[in-house]
Amino acid sequence: MFNSISLYFKLISISVKSQMQYRASFIMYIAGNFIISFVEILAIAVLFTRFGSLKGWSLYEMGMFYGMISMGFALAEALARGFDMFAQQVITGEFDRTLLRPRSTGLQVLAHDFQMHRFGRFLQGLLVLIWASINIGIGWDAGKVALLLFTLAGGVMIFTGLFIMQAAMCFWSTQSLEVMNSFTYGGVEAMQWPVAIYRKWFAYIFIVVIPLACVVYFPLVAILERKDALGFPGWFPWVSPLGGVGFLGASLLVWGWGVKHYRSTGS
């Protein structure tokens with residue numbers, strides 16, 4: 001296990017070094033991700049200058065949701081980019097070589113591509129989160145900080161799980177990826193807002209099926225010390241990020257099943 005972890009970090013190191021070969025381009029790419037991401041929060045701010053609040057939620061509270069989901073997605077996109085681009089490995093037959101190596105296929109695909117420039121979006125989300133929390137005046141303590149970090153980890157796990165499931169679908173069809181994009185990128189858009197503002201049937205999709213609300217909405221309700229409009233018990237936000245662990249575990253099972261049924265590229 002430790003040997004595999006060491007190999008993973010070595011592969012990531014090689015990927016980072018290759019990206020740093022053209023440092024000016026690398027820095028501009030990070031800056032571009034940072035600046036472009038601000039367009040989204042500016043659009044939200046414009047809406048709130050017109051309407052003031054959304055079902056009792058303020059702009060700064062929306063900033064908390066936006067910052068948290070952006071940070072989780074940016075980290076997952078940087079770490080799990082290999083799964084996001086996995087279709088090309090199947091089409092070209094590169095995955096056949098992966099199967100011949102005496103290492104976990106998931107580990108090899110995970111380390112296939114590590115995109116440092118995604119940290120531009122992560123930094124932007126972090127700044128929005130800090131800005132929002134300062135304006136709200138949150139009384140941070142050890143429990144809330146721990147819950148925030150737990151929530152971030154859970155978000156990374158869920159988005160990584162979505163990328164893994166998207167990759168697993170490529171074992172049967174390389175043309176079905178847009179279905180998963182509606183849950184990955186669509187999930188980012190949906191979770192920038194409190195899930196309680198949606199209709200209950202739609203909200204429960206992101207609570208039970210793809211538990212993004214468990215790693216964004218419920219923990220932030222606890223941190224903001226607001227009453228949950230969906231009626232969940234007070235202890236639930238403190239354990240809800242475990243939904244990320246369960247979802248990632250389920251996605252790895254789907255991946256393993258897909259690998260067993262893989263029949264090569266056929267070319």
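Scroll up for the structure.
Described in the following lines is the structure provided in the data block. (Residues numbered from 1 in each chain as written. Predicted model: local features only at pLDDT ≥ 70, side-chain atom pairs only at ≥ 80, totals over all residues. Heavy atoms only, no water.)

Let's talk about the overall build of the protein
How we decide: By the criteria applied, helices consist of DSSP H or I runs no shorter than four residues and strands consist of E runs no shorter than two, each listed in order from the N terminus. A radius of gyration in this sense is built from C-alpha atoms; the matching globule rule multiplies 2.2 Å by the number of residues raised to 0.38.
Counting its secondary structure elements, the protein contains 14 helices and zero strands. Along the chain direction, N to C, the helices and strands of the protein fall in the order α-α-α-α-α-α-α-α-α-α-α-α-α-α. In terms of overall dimensions, the protein is globule-like: its C-alpha atoms have a radius of gyration of 19 Å, near the 18 Å expected for 267 residues. With the C-alpha coordinates aligned to their principal axes, the bounding extent of the protein is approximately 60 × 45 × 35 Å.

A closer look at the pattern of salt bridges
Condition: When a carboxyl oxygen of Asp or Glu lies within 4 Å of a side-chain nitrogen of Lys or Arg, that pair is called a salt bridge.
In this structure the tally under the stated criterion is four salt bridges. The shortest N-O distance in the salt bridge between Asp84 and Arg81 comes to 2.5 Å. You can see Asp84 and its partner Arg81 sitting in helix H4 (residues 81-84), three residues apart, about one turn around the helix. Through salt bridges with shared partners, a single ionic network connects Glu77, Arg81 and Asp84.

Looking at the packing of helix H9 (residues 142-169) against helix H12 (residues 217-224)
Put simply, the rule is: Here, axes are lines fitted to C-alpha atoms. For helices the fit covers the stretch in contact, and angles between N-to-C directions go from 0 to 180 degrees. Here roughly perpendicular refers to angles of 65 to 115 degrees, roughly parallel to angles under 35, roughly antiparallel to angles over 145, and oblique to all remaining angles. By definition, turning the near helix anticlockwise from the far helix through less than a right angle yields a left-handed crossing, and turning it clockwise yields a right-handed one. In this analysis, two residues are considered to be in contact whenever any of their non-hydrogen atoms come within 4.5 Å of each other. When residues are grouped by polarity, Ala, Val, Leu, Ile, Met, Phe, Trp, Tyr, Cys and Pro land in nonpolar, Asp, Glu, Lys and Arg in charged, and all others, Gly among them, in polar.
Across the interface, H9 lies against H12 with an axial gap of 10 Å and an inter-helix angle of 165 degrees. Put simply, H9 runs roughly antiparallel to H12. The element H9 and its partner H12 pack so that their crossing is left-handed. Contact with H9, carried on its side by Lys144, Leu147, Leu148 and Thr151, involves Pro219, Ala222 and Ile223 of H12 and no other residues of that element. The class makeup of the residues in the contact of H9 with H12 is five nonpolar, one polar and one charged.

Describing the side chain of Thr184
Assignment of secondary structure puts Thr184 in helix H10 (residues 177-190). If we skip the residues at most four places from it in the chain, Thr184 touches Phe159, Leu162 and Phe163.

What to know about the nonpolar core
Convention followed: Note on terminology: a nonpolar core comprises buried Ala, Val, Leu, Ile, Met, Phe, Trp, Tyr and Cys residues joined through side-chain atoms within 4.5 Å. Buried residues are those whose accessible area, probed at 1.4 Å on protein chains only, stays under 20% of the maximum for their type, while exposed residues exceed 50% and partly exposed ones sit between those limits.
Membership of the largest hydrophobic core comes to 72 residues, with the highest contact counts inside it found for Phe86, Leu212, Tyr217 and Trp255. Apart from the residues lying within four places of it in its own chain, the contact partners of Leu212 are Ile69, Ile158, Phe159, Phe183, Gly187, Met191 and Phe206. Ile12, Leu107, Ala111 and Phe114 belong to the second largest nonpolar core, which has five residues in total.

A few points about helix H14 (residues 242-260)
Heads up, the rule is: To estimate the expected span of a helix, count its residues, drop one, and scale the result by 1.5 Å. The arc in question is traced by the directions running from the helix axis to the C-beta atoms.
Relative to the 27 Å expected for 19 residues at 1.5 Å per residue, H14 spans 28 Å between its end C-alpha atoms, a close match to the ideal helical length. Residues Gly244, Phe247, Ser251, Trp255, Gly258 and Val259 constitute the buried set of H14. For H14, the buried positions fall inside an angular range of 115 degrees around the axis, keeping them on one side. Among the exposed residues of H14, those pointing more than 90 degrees away from its buried face are Leu253 and Lys260. Looking at the packing, one finds that the buried side of H14 touches H4, helix H5 (86-92), helix H6 (94-100), helix H7 (105-110), H9 and helix H11 (200-209).

A short note on the packing of aromatic side chains
What counts is decided by this rule: Think of it this way: a Phe, Tyr or Trp ring, Trp meaning its six-membered ring, pairs with another when their centres are within 6.5 Å, and the plane angle makes it stacked under 30 degrees, edge-to-face over 60, tilted otherwise. For a ring to carry a charge above it, either NZ of a lysine or CZ of an arginine must fall within 6 Å of the ring centroid while also lying within 35 degrees of the normal to the ring plane.
Evaluated as defined, the whole model comprises 25 aromatic pairs. Taken together, a centroid distance of 5.5 Å and an interplanar angle of 70 degrees make the contact between Phe86 and Phe171 edge-to-face. Taken together, the residues span a long stretch of sequence, with Phe86 in helix H5 and Phe171 in the loop between H9 and H10 at a distance of 85 residues. Residue Phe86 is classed as buried on the basis of its relative accessible area, which comes to 0%. Summarising the aromatic geometry, the rings of Tyr204 and Phe232 are spaced 6.3 Å apart at their centres and angled 35 degrees between planes, so their arrangement reads as tilted. With Tyr204 in helix H11 and Phe232 in the loop between H12 and helix H13 (236-239), this pair connects stretches of sequence that are 28 residues apart. Judged by its relative accessible area of 34%, Tyr204 falls in the partly exposed class. Among the aromatic residues, those joined into a cluster by ring pairs are Trp57, Phe65, Tyr204, Tyr217, Phe218, Phe232, Trp235 and Phe236. Stacked on the ring of Phe51, the Lys or Arg Arg50 has its end atom at 5.2 Å from the ring centre.

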